[in-house]
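Overview (structure and organization)
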Amino acid sequence: MQPTTNDVMGKVTTTLAITNRVDQANAARGIISSDQVRSTTLNNVLVDTGATTLCLPANVIAQLGLELLKEVVVETAIGISSARIFQDAKISLCGREGTFECLELAEGRSPLVGVLPLEGLGIEVDLKNQTLKLLSIGPNETYLTIL
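Residues numbered from 1 in each chain as written. Predicted model: local features only at pLDDT ≥ 70, side-chain atom pairs only at ≥ 80, totals over all residues. Heavy atoms only, no water.

**Focus on the pairing of strand S10 (residues 131–134)**
The two faces of a sheet get side chains in turn, since along a regular strand they alternate between them. Where strand S9 (residues 123–126) lies against S10, 4 bridges are found, and the strand directions are antiparallel. Paired with isoleucine 123 across the bridge in S10 is leucine 134. Linking S9 to S10, which pair antiparallel, is a turn of 4 residues; within it glutamine 130 sits at a positive phi near 55°. (Pairing = 2+ DSSP bridges. Helix = DSSP H or I, 4+ residues; strand = E, 2+ residues; numbered from the N terminus.)

**Some details on the nonpolar core**
In this structure, Leu16, Ile18, Leu54, Leu56, Leu93 and Leu132 are the most contacted members of the largest nonpolar core, which totals 25 residues. Residue assignment for this core shows that the elements contributing at least two residues are strand S2 (12–20), strand S3 (39–47), strand S4 (54–57), helix H2 (58–64), strand S6 (79–93), strand S7 (96–105), helix H3 (115–121) and S9. At 4 residues, S6 tops the list of elements feeding residues into this core. Among the nonpolar cores identified, the runner-up in size contains 8 residues, and Ala51, Cys55, Ala83 and Leu112 belong to it. (Core = buried A, V, L, I, M, F, W, Y, C linked by side-chain atoms within 4.5 Å. Buried < 20%, exposed > 50% of the residue type's maximum accessible area, 1.4 Å probe, protein only.)

**Considering the environment of asparagine 43**
Among the structural elements, asparagine 43 can be located in strand S3. Residues asparagine 43 and leucine 16 lie 27 residues apart in sequence; the distance between their C-alpha atoms is 6.5 Å. The residues contacting asparagine 43, other than those within four sequence positions of it, are Thr14 and Thr15. One polar contact links asparagine 43 to threonine 15, side chain to side chain, over a distance of 3.3 Å. (Contact = heavy atoms within 4.5 Å. Polar contact = N/O pair within 3.5 Å; in protein donor to acceptor, adjacent residues only side chain to side chain.)

**Some words on the confidence of the model for the chain**
Low pLDDT means the predicted atomic positions in that stretch should not be read closely. For the chain, per-residue confidence averages 89 on the pLDDT scale, and residues scoring 70 or more make up 92% of the total. By mean pLDDT, strand S1 (residues 4–5) is the weakest element of the chain at 48, and helix H1 (residues 21–28) is the strongest at 98. (pLDDT = per-residue confidence, 0-100.)

**Section: the pattern of salt bridges**
Applying the stated criterion across every chain, the model contains 3 salt bridges. The partner of arginine 84 in a salt bridge is glutamate 104, and the shortest N-O contact between them spans 2.8 Å. Here arginine 84 is found in strand S6, whereas its partner glutamate 104 is found in strand S7, with 20 residues between them in sequence. The closest approach of N and O atoms between lysine 90 and glutamate 97, which form a salt bridge, is 3.3 Å. Glutamate 97 sits in the exposed class, given a relative accessible area of 53%. (Salt bridge = Lys/Arg side-chain N within 4 Å of Asp/Glu carboxyl O.)

**Overview of H1**
The opening residue of H1, the one whose side-chain oxygen lies 2.9 Å from the backbone nitrogen of valine 22, is asparagine 20. Positive backbone phi, approximately 80°, marks glycine 30, located one or two places after H1.

**A closer look at the state of the cysteines**
Taken as a whole and assessed by the stated rule, the structure comprises 0 disulfides. Free of any disulfide, cysteine 94 has its nearest cysteine sulfur in cysteine 55, 18 Å distant. On the basis of relative accessible area, cysteine 94 is assigned to the buried category, the value being 15%. Not engaged in a disulfide, the cysteine cysteine 102 finds its nearest cysteine sulfur in cysteine 55; these two sulfurs lie 8.2 Å apart. Judged by relative accessible area, cysteine 102 falls into the buried class, the value being 0%. (Disulfide = S-S within 2.5 Å.)

In structure tokens form, the structure reads like this:
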């Protein structure tokens, strides 16, 4: 899915498909039918290089049925507070997929994608051109390293 540009320099938004990975696994095992797999597509998701992780509003997390993993202390623009982390959000971005934890935002807040999912998927932000760039995963060059 291609990112979209905004009038604001350096701001990148994208379309993000999110699936409950546990539902997907249960459907593959025949425990539930494939039409019971909870998923959603969000438009105008902010790509935020100042954020660490995937952040979703509480209503989206509830719609997907994601399970609570833990509570953490986070630092935001307004200070230190606690937040809840949910697990098994499978995202699809620019043709690549991965499963990530997500931080819960207040209902009504805008979702955003932080640096960990971007790095995990091999996606780089080009702020000058307001686009997302796929890093190489070919036979001679790859963004994945094991040292």
